[in-house]
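Tertiary structure, described
Letter by letter, the chains look like this.
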Amino acid sequence: MISIENEHLKIAIKTTGAELNSLFNKKTNTELLWKGDTTFWSGQAPILFPIVGGLKDNTHIFNGVAYQLNRHGFARRSNDWKIIQLDQNNIQCTLHANKATLDVYPFDFSLVVTYTISENTLNIKHSITNNGQKNMPFSIGGHPAFNCVLDKDTNYNDYSLQFEKTETAERHFLNEEGLLNGETEIVLNKTDALQLNKDLFKNDALIFKNLTSKQISLFKGSIKLLSLTFKDFPFLGIWAAPKAPFVCIEPWIGHADHMNTNQDLFSKDGSKSLSPNETFNVAYQIDIA
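Residues numbered from 1 in each chain as written. Predicted model: local features only at pLDDT ≥ 70, side-chain atom pairs only at ≥ 80, totals over all residues. Heavy atoms only, no water.

With respect to the helices and strands, the residue Thr94 is situated in strand β8 (residues 90-96). Within the local environment of Thr94, its side chain forms a polar contact with the backbone oxygen of Leu111, the two atoms lying 3.3 Å apart. Residues contacting Thr94, with those up to four places away along its chain left out, are Asp80, Trp81, Lys82, Ile84, Leu111 and Val112. (Helix = DSSP H or I, 4+ residues; strand = E, 2+ residues; numbered from the N terminus. Polar contact = N/O pair within 3.5 Å; in protein donor to acceptor, adjacent residues only side chain to side chain. Contact = heavy atoms within 4.5 Å.)

Let us look at the pairing of strand β3 (residues 20-25). Moving residue by residue along a regular strand, the side chains alternate between the two faces of the sheet. Most of β3 sits inside the fold, with 5 of its 6 residues counted as buried. Bridge count for strand β2 (residues 9-13) against β3 is 5 bridges, and the pairing is antiparallel. The residue of β3 that forms the bridge with Ala12 is Ser22. Once β2 ends, the chain turns through 6 residues before running back antiparallel as β3, passing Gly17 with a positive phi of about 75°. Across 2 bridges, the pairing between β3 and strand β4 (residues 30-31) is antiparallel. Bridge assignment links Phe24 to a residue of β4, and that residue is Glu31. Once β3 ends, the chain turns through 4 residues before running back antiparallel as β4, passing Asn29 with a positive phi of about 55°. (Buried < 20%, exposed > 50% of the residue type's maximum accessible area, 1.4 Å probe, protein only. Pairing = 2+ DSSP bridges.)

In this section: the pattern of salt bridges. Evaluated as defined, the whole model comprises 5 salt bridges. Asp103 is the salt-bridge partner of Lys99, the closest N and O atoms lying 3.2 Å from each other. With relative accessibility at 63%, the residue Lys99 sits in the exposed group. For Asp103, a relative accessible area of 46% gives the class partly exposed. Asp153 is the partner of Lys152 in a salt bridge, and the nearest nitrogen-oxygen pair spans 3.2 Å. Each member of the pair, Lys152 as well as Asp153, carries the same accessibility label: exposed. (Salt bridge = Lys/Arg side-chain N within 4 Å of Asp/Glu carboxyl O.)

Right, let's talk about the packing of aromatic side chains for a bit. For the structure on display, the rule yields 18 aromatic pairs. Each ring, one from Phe49 and one from Phe74, has its centre 6.2 Å from the other, and the planes form 90°; the classification is edge-to-face. A residue pair is termed long-range when its members are at least 10 positions apart, and Phe49 in the loop between β4 and β5 (59-62) and Phe74 in the loop between β6 (65-68) and β7 (82-86) qualify at 25 residues. This pair shows no difference in class: Phe49 is buried, exactly as Phe74 is. Here Phe233 and Tyr284 contribute two aromatic rings whose centre-to-centre distance is 6.0 Å and whose plane-to-plane angle is 75°, an arrangement assigned as edge-to-face. Taken together, the positions of Phe233 in the loop between β18 (223-229) and β19 (235-239) and Tyr284 in strand β22 (residues 279-288) put the pair 51 residues apart, joining distant regions of the chain. The pair formed by Phe233 and Tyr284 is uniform in burial state, with each residue classed as buried. An aromatic cluster is built from Phe49, Phe62, Phe74, Tyr105, Phe107, Phe109, Phe138, Phe266 and Phe280, whose rings are joined through pairwise contacts. (Phe/Tyr/Trp six-rings, centres within 6.5 Å; stacked < 30°, edge-to-face > 60°.)

Here we come to the sheet that holds β2. Across a sheet, paired strands are connected by hydrogen bonds in the backbone, their directions being either parallel or antiparallel. Judged by pairing direction, the sheet is antiparallel, and its 4 strands sit side by side in the order β1-β2-β3-β4 without closing on themselves. Each edge of the sheet is formed by a strand with only one pairing partner; in this case those strands are β1 (2-5) and β4. Summarising the sheet, β1 and β2 pair through 4 bridges and their orientation is antiparallel. Pairing of Ile2 across the sheet is with Ile13, part of β2.

On to the pairing of strand β17 (residues 215-220). Relative to β17, strand β14 (residues 159-174) runs antiparallel, the two being bridged by 5 bridges. Looking at β17, one finds that Phe163 is bridged to Ile216. Where β17 lies against β18, 6 bridges are found, and the strand directions are antiparallel. When the bridges of β18 are listed, Lys220 appears paired with Ile223. Connecting β17 to the next strand, β18, in antiparallel fashion are 2 residues, including Gly221 with a positive phi near 60°.

On to the sheet that holds β14. Taken in spatial order, the 9 strands of this open sheet run β7-β8-β9-β10-β22-β18-β17-β14-β15, and their pairing is antiparallel. Where the open sheet ends on each side, the last strands, each with one partner, are β7 and β15 (180-195). Here the average twist between neighbouring strands, direction ignored, is 20°. Note: β18 against β22, 4 bridges, orientation antiparallel. If you follow Leu228 over to β22, its bridge partner there is Ile286. (Axes fitted to C-alpha atoms, helices over the stretch in contact; angles between N-to-C directions.)

Here's what the structure looks like:
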C-alpha cells in the first residue's frame, strides 16, 4: 500500500492493479471509498483497460486470430504495475505490454496512471501510448465505489445522486452474458436526481450514453459527500452489487459489446484507436465535500 495526504484528504493505492484503496476525508474523519468486502464485491476502484465491460464470448479478433480477453481487461488485476513517481502530491504508476498481455491483446502499449491531490480534489489521469508499429484499439474507464454507510438510522435509500443538469436519459440494458441487447428504458425523466434503492441495480448497471451532465454528486440526505467530474468521458455507468452498501460512479470511454458484434475492437462502439507513437490522455476528478 502506498499513500499520500494533505490537510484535506488522504489516499492510498494498491500495487496490484494500481487501484485506489482509500479516499479519506480528514475534515470529517470519514472513509469515502468502499472497503472491498468480498461478501458483496471485492473491488474498490479498478482501472478498466484495454476494454470496458465484456466481449462476446470474452473474445476479440485481430488479423483473423481470436484472443481471449476477460471482462474489463487485465490492468485491474495485474501485478506488473511499477511506481515511477512518488512525492507529496503525486503517485504515478505504469504498466507496459508484456508476454501475458500480448497473449490476450496483441499490441505494444504503455499505460501511465497518475493520482494527484490538491486541496480537497483527487485527479486521476490516464495516459495511453501506442509503442508498436500498427494502430492500436482500446477503451479506458474508472470504476470507483463509494460507501453508503448503513446503520440503525440510515437506509440505502437515504442516499442519492445529484446530476449537474436536468436530464432526460435512458439506460441501455445488458443481457445475461453482459452484452448490450438493444433494449432501453427512461430512467431520468426531466430530473437532476437519482434516489438509490435496493432494486435499482437488479438488472445490472445503469448504462448512460447521452448525458448532458459532466458532474455527479453523492448525497446522504441533504449532506453532500463528494462530486465526480468526468468531462472527457462520453459514457457513464452507475452500479452496485445486490443489497450492497455502496454505489459505483463509472466514467467510461467504451462499453460492453453489443450482442451482434463482429468482435473487432477497431469497430467496437465507443472505443478509440491510436496510431504508432501516439498518446491519449484522459482524466476524471473526485472532490470531497
